[in-house]
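Single-letter residue listing:
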Amino acid sequence: IVALSQISVILDLSLMTQEEQRVFAAAFLTALHQDNRKPLHLIIDEADEFAPQRASAYKPCRDALIRLMQRGRIRKIACTLIT
């Protein structure tokens, strides 16, 4: 829905466990990268939870975020990471 529409949303993952947050974030970020066609500004709070400096902490989520940050411009995605 987020990737295919022009609505503003806030996703609150605070009731999920850390593992559930990372699994959701990996799928969400991958879907945004693949499906988004309109300008989008994504703001990620607590970004260190999803892309820690140590790659051992749930690599699929970290990789999806890095891929979106590096290649998202092609899909008209701008990102702001907050930690």
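The structure we're discussing is the one just above.
Structural notes, computed from the coordinates.

How each quantity is defined
- Residues numbered from 1 in each chain as written.
- Predicted model: local features only at pLDDT ≥ 70, side-chain atom pairs only at ≥ 80, totals over all residues.
- Heavy atoms only, no water.
- Helix = DSSP H or I, 4+ residues; strand = E, 2+ residues; numbered from the N terminus.
- Salt bridge = Lys/Arg side-chain N within 4 Å of Asp/Glu carboxyl O.
- Buried < 20%, exposed > 50% of the residue type's maximum accessible area, 1.4 Å probe, protein only.
- Expected span 1.5 Å × (residues − 1).
- Contact = heavy atoms within 4.5 Å.
- Core = buried A, V, L, I, M, F, W, Y, C linked by side-chain atoms within 4.5 Å.
- Disulfide = S-S within 2.5 Å.
- Patch = residues over 30% accessible without salt bridge, like charges linked within 9 Å, V, L, I, M, F, W, Y side chains within 5 Å.
- Areas by Shrake-Rupley, 256 points an atom, 1.4 Å probe, with all protein chains shown as cover.

**Examining the environment of Ser8**
At step 1: You can see Ser8 is positioned in the segment before helix H1 (18-35).
At step 2: Along the chain, Ser8 and His33 lie 25 residues apart, while their C-alpha atoms are 17 Å from each other.

**Focus: the pattern of salt bridges**
At step 1: Counted by the stated rule, this structure contains two salt bridges.
At step 2: Taking the shortest distance from any N to any O, the salt bridge between Lys59 and Asp63 comes out at 2.9 Å. Of this pair, Lys59 and Asp63 both sit in helix H2 (residues 59-71), four residues apart, roughly one helical turn.
At step 3: Under the relative-accessibility criterion, Lys59 is labelled partly exposed at 44%.
At step 4: The partly exposed category is assigned to Asp63, whose relative accessible area is 26%.

**A few points about H2**
At step 1: Given a rise of 1.5 Å per residue, 13 residues ought to cover 18 Å, and the 18 Å separating the end C-alpha atoms of H2 matches this to within 8%.
At step 2: If you follow the buried residues of H2, they end up packed against H1, strand E1 (40-44) and strand E2 (77-81).

**Describing the nonpolar core**
At step 1: Phe28, Leu29, Leu32, Leu42, Ile44 and Phe50 are the most contacted members of the largest nonpolar core, which has 18 residues in total.
At step 2: Mapped onto this core, the elements with two or more residues apiece are H1, E1 and H2.
At step 3: With residues up to four places along the chain from it excluded, the contact list for Phe50 reads Leu13, Gln21, Arg22, Ala25, Ile44, Asp45, Cys61, Arg62 and Leu65.

**Re the state of the cysteines**
At step 1: Here the structure, examined in full by the defined rule, presents zero disulfides.
At step 2: Unpaired in terms of disulfides, Cys61 finds its nearest cysteine sulfur in Cys79, a separation of 12 Å.
At step 3: Owing to a relative accessible area of 0%, Cys61 belongs among the buried residues under this scheme.

**Quick look at a nonpolar patch on the surface**
At step 1: Side chains of Ile1, Ile7, Val9, Leu11, Met16 and Phe24 sit close together on the surface and give an oily, nonpolar patch of about 540 Å² of accessible area.
At step 2: Relative to the helices and strands, Leu11 is located in the segment before H1.
At step 3: The partly exposed category is assigned to Leu11, whose relative accessible area is 43%.

**Some remarks on the environment of Asn36**
At step 1: Structurally, the position occupied by Asn36 is in the loop between H1 and E1.
At step 2: Here the alpha-carbon distance between Asn36 and Phe50, two residues 14 residues apart in the chain, equals 20 Å.
At step 3: Residues contacting Asn36, with those up to four places away along its chain left out, are Ala3, Ala31, Arg75, Lys76 and Ile77.

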